[in-house]
Amino acid sequence: TKVLFRKTMKEIEGGAQWVQSELNKLGPIGKGEMIVLIVFCSAILLWSFGGVLRGLDFGGTRPFASLSDAAIAMICAIVLFCIPVNRDHMVLDWSDMKELPWGVLLLFGGGLSMAAGLQITECGQIISANAGVLAGLPRWAILIGVSLLVMLASNFTSNTALAATLMPLLASAAVPMGVPAEQLLMVTALSASCAFMMPVGTPPNAIVFSTGRIKIMQMVSAGAVLTLVSVVVIGLFAATFIN
């Protein structure tokens, strides 16, 4: 907003009052909203302590061993379809599903699918092998090169899955490249979270793109600048402060 997309709009007169009036129109939290809040908090707790639940052993059996994060999400969604908010409606009806941004969900789901493809096809090994061509360069150049490689890949797939795929491979490649593994892993972890250019890179990008007010080339042009800045900052930070 200071360099790439300078804002020309001043403070909107009466904007704060309008927001407050809209909040007042909402009124106190309703029964349906309270149920949604409880179910959502339950999902967060189950996600947070899922590992503990999956490890519970009752007489040699683990009834929650297959309780994945995806299963928790689906169970909580189904629960919303089953709890009545009044005599005629459940908390969630199928008519509500028409309002969901399915395009955004499918877009991000595609990123997760690409991440799974990286793992199944061993494409991650190809990426890490390409990082090996940086061997022999100064350490700061290697770190910046790996950061750029990971950052570009992160724009097309899930950052979490990408980091989980690449970090073991790059850790083993650190010694041949002459770089401490800690530096390489830090660069990989931070760079995987810097998906600025493509809508599929991260949910916030996809949500903004789904409004239809941002074109891909606008996102790419702004994201390219942020990518270059981030590559330099992350690479130099790792080279300077992590040994």
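Whatever comes next refers back to the structure up there.
Residues numbered from 1 in each chain as written. Predicted model: local features only at pLDDT ≥ 70, side-chain atom pairs only at ≥ 80, totals over all residues. Heavy atoms only, no water.

**Observations concerning the overall build of the protein**
Helix and strand content of the protein: 12 helices and zero strands. Secondary structure of the protein in N-to-C order comes out as α-α-α-α-α-α-α-α-α-α-α-α. Over its C-alpha atoms the protein spans a radius of gyration of 23 Å, topping by over 25% the 18 Å that the globule rule assigns to 243 residues. Residues classed as buried in the protein amount to 28% of the 243 residues present. Put simply, of all contacts in the protein between residues at least 6 apart along the chain, 63% involve residues at least 24 apart. Entry remark: accessible area of the protein is about 15,600 Å², with carbon and sulfur atoms responsible for 70%. Each charge sign in the protein was given a centre, from 13 positive and 12 negative side chains, and these centres are 9 Å apart. (Helix = DSSP H or I, 4+ residues; strand = E, 2+ residues; numbered from the N terminus. Rg over C-alpha atoms; globule rule 2.2 N^0.38 Å. Buried < 20%, exposed > 50% of the residue type's maximum accessible area, 1.4 Å probe, protein only. Contact = heavy atoms within 4.5 Å. Areas by Shrake-Rupley, 256 points an atom, 1.4 Å probe, with all protein chains shown as cover. Lys, Arg positive; Asp, Glu negative; His and termini not counted. Charge placed at Lys NZ, Arg CZ, Asp CG, Glu CD.)

**Let's talk about the nonpolar core**
Grouped together as the largest cluster of nonpolar side chains are 22 residues, with contacts concentrated most on Val146, Val150 and Leu184. Among the nonpolar cores identified, the runner-up in size contains 10 residues, and Ile35, Ala43, Leu80 and Met97 belong to it. (Core = buried A, V, L, I, M, F, W, Y, C linked by side-chain atoms within 4.5 Å.)

**Description of helix 12 (residues 216-241)**
An α-helical turn contains 3.6 residues, so a residue and the one three or four places further along point in the same direction. With 26 residues, helix 12 extends 36 Å from end C-alpha to end C-alpha; this agrees with the ideal 38 Å at 1.5 Å per step. Among the residues making up helix 12, those that are buried are Met219, Ala222, Gly223, Thr227, Ser230, Val231, Ile234, Gly235 and Ala238. In the core, the buried residues of helix 12 are packed alongside helix 8 (139-154), helix 10 (181-191) and helix 11 (203-210). (Expected span 1.5 Å × (residues − 1).)

**A look at the environment of Glu13**
By secondary structure assignment, the location of Glu13 is in the segment before helix 1 (15-26). Residues Glu13 and Met34, spaced 21 residues apart in sequence, show a C-alpha to C-alpha distance of 34 Å.

**Notes on the packing of helix 9 (residues 159-177) against helix 10**
The geometry of helix 9 relative to helix 10 is characterised by a closest axis approach of 9 Å and an angle of 140 degrees between their N-to-C directions. The hand of the helix 9/helix 10 crossing is right-handed. Across the interface between the two elements, Leu166, Met167, Leu170, Ala171, Ala174 and Met177 from helix 9 touch Ala181, Leu184, Leu185, Thr188 and Ala189 from helix 10. The residue makeup of the contact of helix 9 with helix 10, split by class, is 10 nonpolar, one polar and no charged. (Axes fitted to C-alpha atoms, helices over the stretch in contact; angles between N-to-C directions. Left-handed = near helix turned anticlockwise from the far one by under 90°. Nonpolar A, V, L, I, M, F, W, Y, C, P; charged D, E, K, R; others polar.)

**What to know about the pattern of salt bridges**
The final tally for this structure, using the stated rule, is two salt bridges. Residue Lys25 is joined to Glu22 by a salt bridge in which the shortest nitrogen-to-oxygen separation is 3.2 Å. Of this pair, Lys25 and Glu22 both sit in helix 1, three residues apart, which is roughly one turn of that helix. The exposure class assigned to Lys25 is exposed, which follows from its relative accessible area of 63%. (Salt bridge = Lys/Arg side-chain N within 4 Å of Asp/Glu carboxyl O.)

**A look at the state of the cysteines**
Evaluation of the coordinates by the stated rule reveals zero disulfides. Residue Cys41 stays outside any disulfide, its sulfur separated by 11 Å from that of Cys76, the closest cysteine. For Cys41, a relative accessible area of 36% translates into the label partly exposed. (Disulfide = S-S within 2.5 Å.)

**A closer look at a nonpolar patch on the surface**
Side chains of Val3, Leu4, Phe5, Val225, Val229 and Val233 sit close together on the surface and give an oily, nonpolar patch of about 550 Å² of accessible area. Inspection of the secondary structure assignment puts Phe5 in the segment before helix 1. For Phe5, a relative accessible area of 44% corresponds to the partly exposed category. (Patch = residues over 30% accessible without salt bridge, like charges linked within 9 Å, V, L, I, M, F, W, Y side chains within 5 Å.)

**A word on the side chain of Asn205**
Here Asn205 shows up in helix 11. A residue is classified by how much of its surface remains accessible, and Asn205, at 13% relative accessible area, is buried. What Asn205 contacts, discounting residues up to four positions off in sequence, is Ala195, Phe196, Met197, Met198, Pro199 and Met219.

**Looking at the packing of helix 8 against helix 10**
The geometry of helix 8 relative to helix 10 is characterised by a closest axis approach of 8 Å and an angle of 30 degrees between their N-to-C directions. What the angle tells us is that helix 8 and helix 10 run roughly parallel. The two elements helix 8 and helix 10 cross, and the hand of that crossing is right-handed. Facing helix 8, whose interface residues are Arg139, Leu143, Val146, Ser147, Val150, Met151 and Ser154, helix 10 presents Gln183, Leu184, Val187, Thr188 and Ser191. (Parallel < 35°, antiparallel > 145°, perpendicular 65-115°, else oblique.)

**So, the side chain of Thr188**
Tracing the sequence through the fold places Thr188 in helix 10. A polar contact is formed between the side chain of Thr188 and the backbone oxygen of Leu184, at a distance of 2.8 Å. (Polar contact = N/O pair within 3.5 Å; in protein donor to acceptor, adjacent residues only side chain to side chain.)

Purely spatial values, then, with no claim about function.
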